[in-house]
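As a plain string of letters, each chain reads:
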Amino acid sequence: MTTRPFNFSAGPAVLPEEVLAQAAAEMLDWQGSGMSVMEMSHRGKEFISIARRAEADLRDILAIPANYKVLFMQGGAIAENAILPLNLSRGGRADYVVTGSWSLKSQKEARKYCDVSVVATNEGDGHTTVPSPSTWALSNQAAYVHVCSNETINGVEMHELPDLKALGSNAPLVIDCSSHIASRPIDWSRVGVAYGGAQKNIGPAGLTLVIIREDLLGHALPVTPTAFDYKVVADNDSMYNTPPTYAMYVAGLVFQWIQRQREGELSGLAAIEARNVAKARLLYECFDTSGFYATKVVPEARSRMNVPFFLPSDSLNDAFLAGAKERGLLQLKGHKSVGGMRASIYNAMPLAGVQALVDYLNDFARRHG
Ligand SMILES: *Cc1c(COP(=O)(O)O)cnc(C)c1O
């Protein structure tokens, strides 16, 4: 294989090279079918087998309990900001925790469909903490409680999901896990719905995953578009309308790739998580010891996936990015709302990529410090 640059994009983002190679090899003729996956009927036996395997493998990786449905949808997490309240709110009240740009957007959109209460926010500290769940002003009337478990733009991650029952709420927890799904296990005993766009950590853009506890199906508001009614989608095995077939196929290859990973005694998601922990540690350690770079998120809330960082002066940003590109380190510019730089180090970013970034960071600091 030729050497590809290391791509630190926040999304659409790096995919495992093995997966891209397999998709390329199967492009013109999927397993003797004479068709590309793109050319197949979603109702034919070939694609049904691809979809079934993708779901089974995802269930295996994330240990999804049998009483949860896996829905393959479209529209991205931003469409879910509307689809979710349409399906779950019953027009009543919903509690939202704001921890960054994405959850801020979610609660804003939900206001079109239900009474939104922001029960905690970290706006006061510039989205750099996770407010302690014991301080959340939860209502016992809420139809659900929404959090973004990894804020892609701000780099804030919930390393433990809240136990709403212990906090006196019977509402299901809904997590937007777009940017860290399949990077670590999910504690399903605490989650009613998990959703996310595929293009950060599991595949190409166009596919949205919704994993929902069965008792939460069947409460959509009458105005809900039929194709976005979770119960309709579930009852039709995600084939009420044409699902994003090619994106599902590639995501399925990524799930198989996750299952193949080994790290010492660990395999599958455990191996991936151990690697993610090691990658994040290496990068944050570089920032913490450099005396040159700054990060803003408090250590307990630092994301393992998205790492915003700042140079001592914005006037160095262009030189930093140009030098990075020369070394094959791509897409490090920060989101415009936060500024500075951001390195997204998703599952498919190898440790060698983070090491190459750290080498460059140290070198740049020596030359400009
Ligand atoms: C990227 C992202 C979104 C938006 O996803 P779209 O696919 O563009 O709709 C929402 N939430 C989080 C946490 C994200 O990372």
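It should be emphasised that the depicted structure is a prediction, and the values quoted were computed from it without experimental measurement. (Residues numbered from 1 in each chain as written. Predicted model: local features only at pLDDT ≥ 70, side-chain atom pairs only at ≥ 80, totals over all residues. Heavy atoms only, no water.)

**Let's talk about the UniProt feature "modified residue: N6-(pyridoxal phosphate)lysine" (unreviewed entry) in the protein**
Here is the rule: UniProt positions are given in the numbering used here, feature names are shortened, and annotations may be inferred rather than shown by experiment. Put simply, DSSP marks the helices as runs of H or I at least four residues long and the strands as runs of E at least two long, and each gets a number from the N terminus on. Note on definitions: a residue-residue contact is assigned when non-hydrogen atoms from the two residues lie within 4.5 Å.
Those residues carrying the UniProt feature "modified residue: N6-(pyridoxal phosphate)lysine" (unreviewed entry) are Lys200 in this numbering. In this structure, Lys200 sits in the loop between β9 (193–197) and β10 (208–213). Aside from chain neighbours lying at most four places away, what touches Lys200 is Ala10, Gly11, Ala13, Thr152, Ser178, Ser179 and Tyr346.

**Quick notes on the environment of Gln261**
To keep it simple, the criterion reads: Note on classification: 1.4 Å probe, protein chains only; a residue is buried when its accessible area is under 20% of the maximum for its type, exposed when over 50%, partly exposed between these limits.
Here Gln261 shows up in the loop between α6 (245–260) and β11 (262–263). Taking relative accessible area as the criterion, Gln261 reaches 11% and is therefore assigned buried. Distance from Gln261 to Ala220, taken between C-alpha atoms, is 39 Å for residues 41 residues apart in sequence. Those residues in contact with Gln261 that sit more than four places away from it in its chain are Leu266, Ser267, Gly268, Ala271, Ile272 and Arg275.

**Comments concerning the nonpolar core**
Where we set the bar: Definition used in this section: a nonpolar core is a set of buried Ala, Val, Leu, Ile, Met, Phe, Trp, Tyr and Cys residues joined via side-chain atoms within 4.5 Å.
In terms of nonpolar packing, the biggest core is built from 56 residues, with Leu62, Ile175, Trp188, Ile211 and Tyr249 touching the most fellow members. Considering each element in turn, this core owes the most residues, 11 residues, to α6. Leu311, Leu316, Ala324 and Val354 belong to the second largest nonpolar core, which has 27 residues in total.

**Topic: helix α7 (residues 268–290)**
Put simply, the rule reads: Helix span is expected to be 1.5 Å times the residue number reduced by one.
In this model, α7 (23 residues) spans 33 Å end to end at C-alpha, consistent with the 33 Å of a helix rising 1.5 Å per residue. Once α7 ends, the next one or two residues include Gly291, with phi positive near 65°.

**Quick notes on the UniProt feature "binding site: pyridoxal 5'-phosphate" (unreviewed entry) in the protein**
In the UniProt entry, the feature "binding site: pyridoxal 5'-phosphate" (unreviewed entry) is given for Trp102, Thr152, Asp176, Gln199, Asn241 and Thr242. An extended arrangement is adopted by the annotated residues: their sequence extent is 141 residues, and the largest C-alpha distance between any two is 29.8 Å. With a relative accessible area of 4%, Asp176 lands in the buried category. Non-local contacts of Asp176, meaning those with residues more than four positions away in its chain, are made with Ala77, His146, Val147, Cys148, Ser149, Asn150 and Tyr195. Relative to the assigned elements, Asn241 resides in the loop between α5 (230–235) and α6. Judged by its relative accessible area of 38%, Asn241 falls in the partly exposed class.

**Brief notes about the side chain of Asn276**
The condition is simple: Whenever two N or O atoms come within 3.5 Å, that pair is a polar contact, provided that in protein one can donate a hydrogen and the other can accept it, and provided that, for residues adjacent in sequence, both atoms are side-chain atoms.
On the secondary structure map, Asn276 appears in helix α7. Assessed through its relative accessible area of 1%, Asn276 is described here as buried. Of the polar contacts made by the side chain of Asn276, one reaches the backbone oxygen of Ser183; its length is 3.2 Å. Contact partners of Asn276, with chain neighbours within four places excluded, come to Ser183, Met305, Ile345, Tyr346 and Asn347.

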